[in-house]
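For reference, the chains in residue letters:
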Amino acid sequence: MLNTVVAGLWSRWWDASNEREKLFRTVLITAVAMITIFWFLWNNIKPKKAVAAPSPPGPRGLPLVGYLPFLGYDLHKHSPSLAKEIVRDKDTIFANRDPPISALVFTYGGNDIAWSSYGPPWTKMRKIFVREMLSNASLDASYELRKQEVKKAIRDVYNKIGSPVDFGELAYVTSINAVLRILLGGGTIQGEKWTDFVAQLRSHAAEMMVLLGKPNVSDLFPVLARFDLQEKAHMDEGKDFLQILLDLNKHEDPATSITIEQVKAIILDIFVGGTDTTTTMIEWTMARLMQHQEVRQKVYQELQEVVGSNSVVEEFHLPKLRYLSAVIKETFAFASCAASLSALVFQGNRAWDPDLWDNPLEFRPERFLNADSGSFDYSGNNFQYLPFGSGRRVCAGIPLAEKMLMLLQASLLHSFEWKLPAGGVLELSDRYGIVIKKMEPLIVIPSPRLCNLELY
Ligand code: HEM
(Lines give C-alpha, C1' and ligand atoms only; values in the text may rest on other atoms or scores of the structure.)
Protein backbone atom coordinates (compact mmCIF):
# COMPACT_ATOMS: atom_id res chain seq x y z
CA MET A 1 0.00 0.00 0.00
CA LEU A 2 2.43 2.62 1.12
CA ASN A 3 4.77 3.32 -1.68
CA THR A 4 7.80 5.52 -1.86
CA VAL A 5 7.42 8.06 -4.54
CA VAL A 6 11.10 7.80 -5.21
CA ALA A 7 10.71 4.24 -6.49
CA GLY A 8 7.68 5.29 -8.52
CA LEU A 9 9.44 8.30 -9.97
CA TRP A 10 12.43 6.21 -10.89
CA SER A 11 10.36 3.69 -12.83
CA ARG A 12 8.31 6.40 -14.58
CA TRP A 13 11.40 8.24 -15.54
CA TRP A 14 12.93 5.01 -16.77
CA ASP A 15 9.85 4.30 -18.88
CA ALA A 16 10.05 7.76 -20.54
CA SER A 17 7.94 7.74 -23.64
CA ASN A 18 8.72 10.93 -25.53
CA GLU A 19 11.72 11.34 -27.77
CA ARG A 20 13.11 14.32 -25.87
CA GLU A 21 13.06 12.40 -22.59
CA LYS A 22 14.69 9.36 -24.21
CA LEU A 23 17.47 11.49 -25.66
CA PHE A 24 17.89 13.22 -22.36
CA ARG A 25 18.03 9.86 -20.55
CA THR A 26 20.70 8.55 -22.92
CA VAL A 27 22.83 11.69 -22.44
CA LEU A 28 22.40 11.44 -18.70
CA ILE A 29 23.34 7.74 -18.52
CA THR A 30 26.47 8.43 -20.59
CA ALA A 31 27.35 11.35 -18.33
CA VAL A 32 26.82 9.25 -15.18
CA ALA A 33 28.98 6.44 -16.62
CA MET A 34 31.79 8.87 -17.49
CA ILE A 35 31.65 10.59 -14.13
CA THR A 36 31.68 7.20 -12.38
CA ILE A 37 34.86 6.16 -14.27
CA PHE A 38 36.43 9.54 -13.54
CA TRP A 39 35.47 9.27 -9.87
CA PHE A 40 36.96 5.76 -9.67
CA LEU A 41 40.26 6.85 -11.28
CA TRP A 42 40.40 9.99 -9.17
CA ASN A 43 39.92 8.07 -5.96
CA ASN A 44 42.63 5.60 -6.85
CA ILE A 45 45.18 8.07 -8.22
CA LYS A 46 44.95 11.15 -5.98
CA PRO A 47 46.98 11.19 -2.75
CA LYS A 48 44.97 10.10 0.30
CA LYS A 49 43.91 12.91 2.66
CA ALA A 50 43.13 12.79 6.35
CA VAL A 51 40.59 10.11 7.30
CA ALA A 52 37.03 11.43 7.14
CA ALA A 53 34.43 10.85 9.87
CA PRO A 54 32.73 7.47 9.43
CA SER A 55 29.38 7.43 7.63
CA PRO A 56 26.30 6.17 9.46
CA PRO A 57 25.86 2.39 9.16
CA GLY A 58 24.21 1.24 5.97
CA PRO A 59 24.84 -0.31 2.57
CA ARG A 60 27.47 1.20 0.28
CA GLY A 61 26.01 3.54 -2.32
CA LEU A 62 27.18 4.24 -5.85
CA PRO A 63 28.72 7.59 -6.74
CA LEU A 64 26.12 10.23 -7.61
CA VAL A 65 23.12 7.89 -7.69
CA GLY A 66 23.70 6.74 -4.10
CA TYR A 67 21.20 4.08 -2.99
CA LEU A 68 18.57 5.00 -5.54
CA PRO A 69 18.99 1.94 -7.78
CA PHE A 70 18.75 -0.37 -4.73
CA LEU A 71 15.53 0.98 -3.28
CA GLY A 72 13.54 -1.84 -4.82
CA TYR A 73 9.85 -1.98 -5.55
CA ASP A 74 8.43 -3.80 -2.56
CA LEU A 75 8.86 -1.11 0.08
CA HIS A 76 5.11 -0.73 0.26
CA LYS A 77 4.90 -4.23 1.72
CA HIS A 78 6.45 -2.81 4.88
CA SER A 79 4.26 0.21 4.59
CA PRO A 80 2.52 0.64 7.97
CA SER A 81 5.73 0.02 9.90
CA LEU A 82 7.74 2.18 7.51
CA ALA A 83 5.15 4.95 7.75
CA LYS A 84 5.23 4.71 11.53
CA GLU A 85 9.00 4.99 11.53
CA ILE A 86 8.91 8.05 9.28
CA VAL A 87 6.05 10.02 10.73
CA ARG A 88 6.11 8.94 14.37
CA ASP A 89 9.39 7.44 15.62
CA LYS A 90 11.63 9.74 13.53
CA ASP A 91 9.09 12.52 13.32
CA THR A 92 11.42 15.42 14.09
CA ILE A 93 13.84 14.34 11.36
CA PHE A 94 11.20 13.74 8.74
CA ALA A 95 9.26 16.86 9.73
CA ASN A 96 12.04 18.69 7.92
CA ARG A 97 11.69 19.43 4.25
CA ASP A 98 14.07 19.24 1.34
CA PRO A 99 11.84 20.85 -1.28
CA PRO A 100 12.25 19.88 -4.90
CA ILE A 101 13.25 22.72 -7.22
CA SER A 102 9.71 23.18 -8.48
CA ALA A 103 8.42 23.65 -4.90
CA LEU A 104 11.13 26.21 -4.20
CA VAL A 105 10.13 28.14 -7.28
CA PHE A 106 6.43 28.10 -6.44
CA THR A 107 6.79 28.95 -2.78
CA TYR A 108 9.28 31.79 -2.91
CA GLY A 109 12.10 29.59 -1.68
CA GLY A 110 10.10 27.23 0.56
CA ASN A 111 8.50 30.03 2.56
CA ASP A 112 5.05 28.52 2.92
CA ILE A 113 3.80 26.07 5.58
CA ALA A 114 3.92 22.88 3.54
CA TRP A 115 7.48 23.21 2.27
CA SER A 116 9.20 25.13 5.06
CA SER A 117 11.45 23.13 7.33
CA TYR A 118 10.58 22.21 10.87
CA GLY A 119 11.52 25.25 12.96
CA PRO A 120 10.18 28.55 14.41
CA PRO A 121 8.87 30.12 11.14
CA TRP A 122 6.94 26.92 10.33
CA THR A 123 5.61 26.69 13.91
CA LYS A 124 4.44 30.30 13.79
CA MET A 125 2.73 29.98 10.42
CA ARG A 126 1.07 26.69 11.32
CA LYS A 127 -0.19 28.13 14.62
CA ILE A 128 -1.62 31.20 12.91
CA PHE A 129 -3.23 28.98 10.32
CA VAL A 130 -4.79 26.49 12.72
CA ARG A 131 -5.72 28.94 15.49
CA GLU A 132 -6.78 32.02 13.56
CA MET A 133 -8.32 30.49 10.51
CA LEU A 134 -9.38 26.95 11.21
CA SER A 135 -10.44 27.01 14.87
CA ASN A 136 -13.93 25.66 15.59
CA ALA A 137 -15.12 29.17 16.36
CA SER A 138 -13.93 30.65 13.09
CA LEU A 139 -15.17 27.68 11.10
CA ASP A 140 -18.60 28.07 12.71
CA ALA A 141 -18.50 31.79 12.03
CA SER A 142 -17.72 31.20 8.36
CA TYR A 143 -20.39 28.53 7.86
CA GLU A 144 -22.89 31.02 6.41
CA LEU A 145 -20.36 31.96 3.70
CA ARG A 146 -19.72 28.31 2.79
CA LYS A 147 -23.43 27.65 2.71
CA GLN A 148 -24.07 30.58 0.37
CA GLU A 149 -21.44 29.31 -2.04
CA VAL A 150 -22.89 25.80 -2.02
CA LYS A 151 -26.34 27.26 -2.56
CA LYS A 152 -24.98 29.29 -5.50
CA ALA A 153 -23.53 26.06 -6.96
CA ILE A 154 -26.91 24.33 -6.66
CA ARG A 155 -28.60 27.25 -8.41
CA ASP A 156 -26.01 27.14 -11.21
CA VAL A 157 -26.54 23.42 -11.68
CA TYR A 158 -30.30 23.92 -11.67
CA ASN A 159 -29.87 26.27 -14.63
CA LYS A 160 -28.03 23.49 -16.47
CA ILE A 161 -30.56 20.74 -15.91
CA GLY A 162 -30.32 18.14 -18.67
CA SER A 163 -26.95 19.47 -19.92
CA PRO A 164 -23.50 17.98 -19.37
CA VAL A 165 -21.67 19.35 -16.31
CA ASP A 166 -17.95 19.01 -15.61
CA PHE A 167 -18.26 17.80 -12.02
CA GLY A 168 -14.64 18.52 -11.05
CA GLU A 169 -14.90 22.06 -12.35
CA LEU A 170 -18.15 22.60 -10.50
CA ALA A 171 -16.53 21.38 -7.27
CA TYR A 172 -13.43 23.48 -7.89
CA VAL A 173 -15.28 26.74 -8.54
CA THR A 174 -17.44 26.16 -5.48
CA SER A 175 -14.61 25.32 -3.11
CA ILE A 176 -12.37 28.14 -4.34
CA ASN A 177 -15.26 30.60 -3.92
CA ALA A 178 -15.95 29.26 -0.44
CA VAL A 179 -12.28 29.41 0.59
CA LEU A 180 -11.87 32.90 -0.75
CA ARG A 181 -14.99 34.07 1.04
CA ILE A 182 -13.68 32.54 4.25
CA LEU A 183 -10.34 34.24 3.74
CA LEU A 184 -11.71 37.62 2.87
CA GLY A 185 -14.72 37.68 5.14
CA GLY A 186 -17.33 37.80 2.38
CA GLY A 187 -16.06 40.21 -0.27
CA THR A 188 -15.03 38.72 -3.61
CA ILE A 189 -14.71 39.96 -7.17
CA GLN A 190 -17.90 39.26 -9.05
CA GLY A 191 -18.95 38.51 -12.59
CA GLU A 192 -16.86 37.65 -15.61
CA LYS A 193 -13.61 38.92 -14.15
CA TRP A 194 -14.03 36.44 -11.31
CA THR A 195 -14.90 33.54 -13.63
CA ASP A 196 -11.76 34.21 -15.68
CA PHE A 197 -9.67 34.47 -12.56
CA VAL A 198 -10.93 31.12 -11.19
CA ALA A 199 -10.34 29.40 -14.53
CA GLN A 200 -6.75 30.69 -14.61
CA LEU A 201 -6.20 29.73 -11.01
CA ARG A 202 -7.42 26.19 -11.65
CA SER A 203 -5.12 25.66 -14.57
CA HIS A 204 -2.12 27.12 -12.69
CA ALA A 205 -2.84 24.97 -9.64
CA ALA A 206 -3.23 21.82 -11.75
CA GLU A 207 0.05 22.54 -13.53
CA MET A 208 1.74 23.16 -10.20
CA MET A 209 0.58 19.81 -8.78
CA VAL A 210 1.89 17.93 -11.80
CA LEU A 211 5.24 19.73 -11.62
CA LEU A 212 5.58 19.15 -7.89
CA GLY A 213 5.14 15.42 -8.38
CA LYS A 214 7.31 15.20 -11.48
CA PRO A 215 10.89 14.05 -11.09
CA ASN A 216 13.32 16.83 -11.76
CA VAL A 217 16.73 15.52 -12.63
CA SER A 218 18.23 18.33 -10.55
CA ASP A 219 16.52 16.92 -7.45
CA LEU A 220 18.08 13.51 -8.05
CA PHE A 221 21.46 14.94 -9.05
CA PRO A 222 21.87 18.30 -7.26
CA VAL A 223 25.15 18.91 -9.05
CA LEU A 224 23.14 19.49 -12.25
CA ALA A 225 20.79 22.05 -10.66
CA ARG A 226 22.68 25.07 -11.96
CA PHE A 227 21.99 24.02 -15.57
CA ASP A 228 18.23 24.00 -14.93
CA LEU A 229 17.83 21.20 -17.49
CA GLN A 230 14.06 21.07 -17.28
CA GLU A 231 13.64 24.85 -17.16
CA LYS A 232 11.43 24.81 -14.07
CA ALA A 233 12.91 27.98 -12.67
CA HIS A 234 11.36 29.95 -15.52
CA MET A 235 7.88 28.51 -15.27
CA ASP A 236 6.74 30.97 -12.66
CA GLU A 237 7.04 33.90 -15.02
CA GLY A 238 3.86 35.76 -15.77
CA LYS A 239 1.96 34.18 -12.88
CA ASP A 240 0.23 37.00 -11.14
CA PHE A 241 -2.75 35.48 -9.37
CA LEU A 242 -1.08 35.81 -5.99
CA GLN A 243 -0.61 39.49 -6.68
CA ILE A 244 -4.34 39.79 -7.26
CA LEU A 245 -4.96 38.16 -3.91
CA LEU A 246 -2.51 40.43 -2.17
CA ASP A 247 -4.28 43.44 -3.64
CA LEU A 248 -7.50 42.07 -2.26
CA ASN A 249 -5.81 41.70 1.08
CA LYS A 250 -4.65 45.31 1.24
CA HIS A 251 -7.89 46.38 2.84
CA GLU A 252 -7.66 43.82 5.64
CA ASP A 253 -7.25 44.95 9.25
CA PRO A 254 -3.52 45.78 9.73
CA ALA A 255 -3.81 44.85 13.42
CA THR A 256 -3.31 41.22 12.45
CA SER A 257 0.02 39.76 13.38
CA ILE A 258 0.44 38.04 10.03
CA THR A 259 3.08 39.62 7.83
CA ILE A 260 2.56 40.04 4.11
CA GLU A 261 5.05 37.24 3.47
CA GLN A 262 3.11 34.91 5.71
CA VAL A 263 -0.21 35.90 4.20
CA LYS A 264 1.21 35.16 0.78
CA ALA A 265 2.55 31.78 1.84
CA ILE A 266 -0.57 30.71 3.70
CA ILE A 267 -2.83 31.76 0.85
CA LEU A 268 -0.76 29.74 -1.55
CA ASP A 269 -1.06 26.65 0.64
CA ILE A 270 -4.79 27.03 0.90
CA PHE A 271 -5.35 27.62 -2.77
CA VAL A 272 -3.02 25.02 -4.11
CA GLY A 273 -2.97 22.48 -1.28
CA GLY A 274 -6.52 22.91 -0.07
CA THR A 275 -8.81 23.41 -3.02
CA ASP A 276 -7.15 21.07 -5.47
CA THR A 277 -7.15 18.15 -3.05
CA THR A 278 -10.73 18.71 -1.93
CA THR A 279 -11.98 19.07 -5.48
CA THR A 280 -10.09 16.02 -6.68
CA MET A 281 -11.60 13.94 -3.88
CA ILE A 282 -15.12 15.16 -4.62
CA GLU A 283 -14.68 14.23 -8.27
CA TRP A 284 -13.25 10.78 -7.44
CA THR A 285 -16.04 10.09 -4.95
CA MET A 286 -18.67 11.03 -7.53
CA ALA A 287 -16.93 8.85 -10.12
CA ARG A 288 -17.10 5.88 -7.73
CA LEU A 289 -20.75 6.61 -7.07
CA MET A 290 -21.43 6.64 -10.81
CA GLN A 291 -19.63 3.31 -11.05
CA HIS A 292 -21.59 1.67 -8.21
CA GLN A 293 -25.28 2.26 -8.54
CA GLU A 294 -26.17 0.24 -5.43
CA VAL A 295 -23.87 2.43 -3.32
CA ARG A 296 -25.41 5.56 -4.85
CA GLN A 297 -28.89 4.33 -3.95
CA LYS A 298 -27.83 3.83 -0.34
CA VAL A 299 -26.45 7.38 -0.23
CA TYR A 300 -29.76 8.73 -1.54
CA GLN A 301 -31.66 6.68 0.97
CA GLU A 302 -29.57 8.08 3.81
CA LEU A 303 -30.00 11.65 2.53
CA GLN A 304 -33.74 11.09 2.42
CA GLU A 305 -33.80 9.82 6.01
CA VAL A 306 -31.47 12.45 7.48
CA VAL A 307 -32.26 15.56 5.43
CA GLY A 308 -35.59 14.80 3.70
CA SER A 309 -36.84 16.58 0.59
CA ASN A 310 -38.15 19.73 2.24
CA SER A 311 -34.84 21.06 3.40
CA VAL A 312 -31.33 21.62 2.09
CA VAL A 313 -28.28 19.94 3.61
CA GLU A 314 -26.93 21.87 6.60
CA GLU A 315 -23.67 21.29 8.44
CA PHE A 316 -25.54 19.92 11.46
CA HIS A 317 -26.74 17.04 9.24
CA LEU A 318 -23.21 16.00 8.35
CA PRO A 319 -22.31 13.87 11.42
CA LYS A 320 -25.48 11.84 10.76
CA LEU A 321 -24.51 11.07 7.15
CA ARG A 322 -22.42 8.10 8.20
CA TYR A 323 -22.80 6.12 5.00
CA LEU A 324 -21.72 9.05 2.80
CA SER A 325 -18.76 9.61 5.09
CA ALA A 326 -17.86 5.91 4.66
CA VAL A 327 -18.11 6.29 0.87
CA ILE A 328 -15.60 9.16 0.98
CA LYS A 329 -13.29 7.17 3.26
CA GLU A 330 -13.52 4.17 0.97
CA THR A 331 -12.68 6.39 -2.01
CA PHE A 332 -9.58 7.61 -0.16
CA ALA A 333 -8.66 4.05 0.77
CA PHE A 334 -9.15 2.77 -2.74
CA ALA A 335 -6.53 5.17 -4.05
CA SER A 336 -5.37 8.06 -1.96
CA CYS A 337 -5.30 11.34 -3.82
CA ALA A 338 -2.55 13.31 -2.03
CA ALA A 339 1.09 12.66 -1.26
CA SER A 340 2.60 13.13 2.17
CA LEU A 341 5.59 15.41 1.87
CA SER A 342 7.43 13.66 4.72
CA ALA A 343 10.11 11.82 2.78
CA LEU A 344 7.76 11.98 -0.16
CA VAL A 345 5.81 8.91 0.76
CA PHE A 346 2.20 8.51 -0.14
CA GLN A 347 -0.48 5.99 0.31
CA GLY A 348 -1.03 4.66 -3.13
CA ASN A 349 -3.38 2.14 -4.54
CA ARG A 350 -4.96 -0.28 -2.09
CA ALA A 351 -4.64 -3.07 -4.65
CA TRP A 352 -0.95 -3.17 -3.70
CA ASP A 353 -1.92 -4.31 -0.20
CA PRO A 354 -3.84 -7.55 -0.45
CA ASP A 355 -2.50 -8.57 2.97
CA LEU A 356 -3.87 -5.52 4.72
CA TRP A 357 -7.27 -5.10 3.14
CA ASP A 358 -9.94 -7.70 2.76
CA ASN A 359 -10.92 -7.84 -0.96
CA PRO A 360 -8.96 -4.69 -1.81
CA LEU A 361 -10.42 -4.39 -5.31
CA GLU A 362 -13.98 -4.34 -4.05
CA PHE A 363 -15.49 -0.87 -3.46
CA ARG A 364 -17.26 -1.47 -0.16
CA PRO A 365 -17.93 1.56 2.08
CA GLU A 366 -19.44 -0.79 4.68
CA ARG A 367 -15.94 -1.70 5.81
CA PHE A 368 -15.83 1.78 7.41
CA LEU A 369 -19.08 1.21 9.30
CA ASN A 370 -17.94 -1.84 11.26
CA ALA A 371 -17.46 -1.67 14.97
CA ASP A 372 -13.68 -1.95 14.56
CA SER A 373 -13.48 0.77 11.89
CA GLY A 374 -13.26 3.58 14.44
CA SER A 375 -9.52 3.99 14.03
CA PHE A 376 -9.89 4.76 10.33
CA ASP A 377 -10.22 8.48 10.79
CA TYR A 378 -8.19 11.28 9.19
CA SER A 379 -5.91 11.96 12.17
CA GLY A 380 -3.07 9.80 10.86
CA ASN A 381 -2.85 7.54 13.91
CA ASN A 382 -3.62 4.38 11.98
CA PHE A 383 -0.63 3.82 9.72
CA GLN A 384 -2.70 1.69 7.40
CA TYR A 385 -4.81 4.71 6.52
CA LEU A 386 -3.07 8.05 5.95
CA PRO A 387 -4.96 10.13 3.39
CA PHE A 388 -4.02 13.35 5.21
CA GLY A 389 -0.51 12.33 6.22
CA SER A 390 0.50 11.87 9.85
CA GLY A 391 2.62 13.25 12.69
CA ARG A 392 3.65 16.89 13.09
CA ARG A 393 3.18 17.63 9.43
CA VAL A 394 -0.27 16.06 9.17
CA CYS A 395 -2.55 18.15 6.94
CA ALA A 396 -3.27 21.44 8.68
CA GLY A 397 -6.60 21.85 6.91
CA ILE A 398 -8.45 18.68 7.99
CA PRO A 399 -11.36 20.42 9.79
CA LEU A 400 -12.17 22.57 6.76
CA ALA A 401 -11.46 19.76 4.29
CA GLU A 402 -13.87 17.41 6.08
CA LYS A 403 -16.62 20.01 6.18
CA MET A 404 -16.20 21.04 2.56
CA LEU A 405 -15.97 17.46 1.29
CA MET A 406 -19.13 16.40 3.06
CA LEU A 407 -21.20 19.56 2.59
CA LEU A 408 -20.59 19.89 -1.13
CA GLN A 409 -20.86 16.20 -1.92
CA ALA A 410 -24.03 15.77 0.14
CA SER A 411 -25.66 18.93 -1.27
CA LEU A 412 -24.99 18.11 -4.92
CA LEU A 413 -26.36 14.60 -4.42
CA HIS A 414 -29.31 15.67 -2.33
CA SER A 415 -30.49 18.25 -4.88
CA PHE A 416 -29.90 16.27 -8.08
CA GLU A 417 -29.87 12.87 -9.70
CA TRP A 418 -26.80 12.47 -11.89
CA LYS A 419 -26.27 10.26 -14.92
CA LEU A 420 -23.60 9.79 -17.56
CA PRO A 421 -24.28 11.31 -21.00
CA ALA A 422 -25.86 8.87 -23.51
CA GLY A 423 -23.12 6.58 -24.79
CA GLY A 424 -20.68 8.05 -22.23
CA VAL A 425 -18.15 5.68 -20.71
CA LEU A 426 -16.99 6.08 -17.13
CA GLU A 427 -13.25 6.69 -17.32
CA LEU A 428 -11.35 5.95 -14.10
CA SER A 429 -7.70 6.28 -15.06
CA ASP A 430 -5.59 8.75 -13.15
CA ARG A 431 -2.99 11.41 -13.84
CA TYR A 432 0.19 11.48 -11.84
CA GLY A 433 1.18 14.45 -9.70
CA ILE A 434 1.45 15.29 -6.03
CA VAL A 435 -2.34 15.16 -6.17
CA ILE A 436 -3.58 12.15 -8.13
CA LYS A 437 -6.26 13.49 -10.42
CA LYS A 438 -8.66 11.91 -12.84
CA MET A 439 -7.15 11.70 -16.29
CA GLU A 440 -10.44 12.63 -17.97
CA PRO A 441 -12.93 15.04 -16.40
CA LEU A 442 -16.10 13.47 -15.05
CA ILE A 443 -18.98 14.73 -17.20
CA VAL A 444 -22.43 14.06 -15.77
CA ILE A 445 -25.96 15.26 -16.45
CA PRO A 446 -28.14 16.53 -13.57
CA SER A 447 -31.88 16.24 -13.12
CA PRO A 448 -33.77 17.80 -10.19
CA ARG A 449 -34.66 15.67 -7.16
CA LEU A 450 -36.48 18.09 -4.89
CA CYS A 451 -40.17 18.91 -5.30
CA ASN A 452 -39.91 22.27 -3.59
CA LEU A 453 -38.36 24.48 -6.28
CA GLU A 454 -37.69 27.23 -3.77
CA LEU A 455 -34.90 25.10 -2.40
CA TYR A 456 -32.93 25.61 -5.60
C1 HEM B 1 -9.32 16.33 0.62
C2 HEM B 1 -8.62 17.32 1.06
C3 HEM B 1 -7.19 17.29 1.50
C4 HEM B 1 -6.27 16.27 1.49
C5 HEM B 1 -6.46 14.85 0.98
C6 HEM B 1 -5.05 16.80 2.06
C7 HEM B 1 -3.90 16.06 2.23
C8 HEM B 1 -2.72 16.57 2.74
C9 HEM B 1 -1.49 15.83 2.88
C10 HEM B 1 -1.31 14.36 2.50
C11 HEM B 1 -0.56 16.66 3.40
C12 HEM B 1 0.91 16.34 3.67
C13 HEM B 1 1.09 15.76 5.05
C14 HEM B 1 2.52 15.32 5.26
O15 HEM B 1 3.44 15.89 4.68
O16 HEM B 1 2.71 14.33 5.97
C17 HEM B 1 -1.19 17.95 3.59
C18 HEM B 1 -0.54 19.06 4.12
C19 HEM B 1 -1.14 20.29 4.25
N20 HEM B 1 -2.45 20.61 3.95
FE21 HEM B 1 -3.86 19.35 3.28
N22 HEM B 1 -5.24 18.11 2.41
C23 HEM B 1 -6.53 18.45 2.10
C24 HEM B 1 -7.14 19.66 2.30
C25 HEM B 1 -6.53 20.77 2.83
C26 HEM B 1 -7.17 22.04 3.05
C27 HEM B 1 -8.65 22.34 2.78
C28 HEM B 1 -6.23 22.89 3.52
C29 HEM B 1 -6.35 24.33 3.94
C30 HEM B 1 -7.46 24.96 4.21
C31 HEM B 1 -4.98 22.14 3.63
C32 HEM B 1 -3.80 22.67 4.07
C33 HEM B 1 -2.64 21.94 4.23
C34 HEM B 1 -1.39 22.52 4.73
C35 HEM B 1 -1.17 23.97 5.14
C36 HEM B 1 -0.46 21.47 4.75
C37 HEM B 1 1.00 21.55 5.20
C38 HEM B 1 1.09 21.13 6.66
C39 HEM B 1 2.53 21.21 7.23
O40 HEM B 1 3.46 20.95 6.47
O41 HEM B 1 2.67 21.52 8.40
N42 HEM B 1 -5.21 20.87 3.19
N43 HEM B 1 -2.49 17.86 3.19
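Quoted verbatim from the Cofactor (unreviewed entry) field of the UniProt record, the comment on the protein chain reads "heme".

**Q** Help me out: how do you make sense of the coordination of the iron atom of the ligand in this one?
**A** Among protein residues, the single donor to the iron atom of the ligand is C395 (SG), with a metal-donor distance of 2.3 Å. For C395, the position within the fold is in the loop between β3 (345–347) and α16 (398–415).

**Q** Would you take a moment to explain unusual backbone geometry for this structure?
**A** Outside of glycine, negative phi angles account for most residues, and trans bonds account for most peptide bonds. The phi angle at N359 is positive, at roughly 45°, despite the residue not being glycine. Mapped onto the fold, N359 is located in the loop between β3 and α16. Looking at N359, the relative accessible area reads 45%, which means it is partly exposed.

**Q** Help me out: how do you make sense of the pattern of salt bridges in this one?
**A** The tally for this structure, following the rule as stated, stands at 8 salt bridges. One salt bridge in this structure joins K298 and E366, with 2.8 Å as the shortest N-O distance. Here E366 lies in the loop between β3 and α16 and K298 lies in helix α14 (residues 293–306), a separation of 68 residues in the sequence. Salt-bridge contacts for R364 lead to E362; the nearest nitrogen and oxygen are separated by 3.4 Å. Taking the relative accessible area as the measure of exposure, R364 reaches 21% and is therefore partly exposed.

**Q** Help me out: how do you make sense of the packing of aromatic side chains in this one?
**A** The description of an aromatic ring pair uses the distance of the two centres, along with the angle that the planes make with each other. Going through the model one piece at a time under the given rule, you end up with 14 aromatic pairs. Centroid distance F416 to W418: 5.7 Å. Interplanar angle 65°. Geometry classified as edge-to-face. Residue class for F416 comes out buried when judged on its relative accessible area of 0%. Site record: aromatic cluster; members linked through ring pairs are F332, W357, F368, F376, Y378, Y385 and F388. The ring centre of Y378 lies 5.7 Å from the NZ or CZ of K329, which sits over that ring.

**Q** In this structure, what is going on with the sheet that holds strand β2 (residues 165–166)? I would like to understand it.
**A** In sheet architecture, strand pairing relies on hydrogen bonds along the backbone and comes in two forms, parallel and antiparallel. Ordered in space as β2-β7-β4, the 3 strands form an open sheet in which the pairing is antiparallel. Of all the strands in the sheet, the pair left with one neighbour each is β2 and β4 (416–419). In this structure, β2 lies alongside strand β7 (residues 443–448), joined through 2 bridges in antiparallel fashion. What sits directly across from D166, in β7, is I443. Strands β4 and β7 of the sheet are contacted by helix α8 (residues 143–158), whose axis makes an angle of about 60° with β4.

**Q** Mind showing me how you'd approach the packing of α8 against α16 here?
**A** Two quantities define a packed helix pair, namely the angle between the axes and the distance from one axis to the other. Two numbers describe how α8 lies on α16: the axes approach to 10 Å, and their chain directions differ by 30°. Classified by the angle their axes make, α8 and α16 are roughly parallel. Between α8 and α16 lies a crossing of right-handed hand. Seen from α8, the contacting residues are Y143, R146, V150, I154 and V157; seen from α16, they are L400, K403, M404, L407, L408, S411, L412 and S415. Among the residues making up the contact of α8 with α16, the classes are represented as 9 nonpolar, 2 polar and 2 charged.

**Q** Could you clarify how one ought to interpret the confidence of the model for the protein chain in this entry?
**A** Close reading of the predicted structure is inappropriate where its pLDDT is low. Confidence in the prediction of the protein chain, expressed as mean pLDDT, is 74, and 59% of residues score 70 or more. Element-level mean pLDDT values for the protein chain span from 39 in strand β1 (residues 2–4) up to 98 in α14. Low pLDDT, under 50, characterises residues 47–57; the predicted model gives this stretch 1 contact beyond four residues in sequence or across chains. This model gives residues 220–248 a pLDDT under 50, and the stretch forms 52 contacts once residues within four places in sequence are excluded.

Reading guide: rules and limits
- Residues numbered from 1 in each chain as written.
- Predicted model: local features only at pLDDT ≥ 70, side-chain atom pairs only at ≥ 80, totals over all residues.
- Heavy atoms only, no water.
- UniProt positions renumbered as here; feature names shortened; annotations may be inferred.
- Donors = N, O, S within 2.8 Å, 3.2 Å for Na, K, Ca; no water.
- Helix = DSSP H or I, 4+ residues; strand = E, 2+ residues; numbered from the N terminus.
- Buried < 20%, exposed > 50% of the residue type's maximum accessible area, 1.4 Å probe, protein only.
- Salt bridge = Lys/Arg side-chain N within 4 Å of Asp/Glu carboxyl O.
- Phe/Tyr/Trp six-rings, centres within 6.5 Å; stacked < 30°, edge-to-face > 60°.
- Lys NZ or Arg CZ within 6 Å of the ring centre and 35° of its normal.
- Pairing = 2+ DSSP bridges.
- Contact = heavy atoms within 4.5 Å.
- Axes fitted to C-alpha atoms, helices over the stretch in contact; angles between N-to-C directions.
- Parallel < 35°, antiparallel > 145°, perpendicular 65-115°, else oblique.
- Left-handed = near helix turned anticlockwise from the far one by under 90°.
- Nonpolar A, V, L, I, M, F, W, Y, C, P; charged D, E, K, R; others polar.
- pLDDT = per-residue confidence, 0-100.

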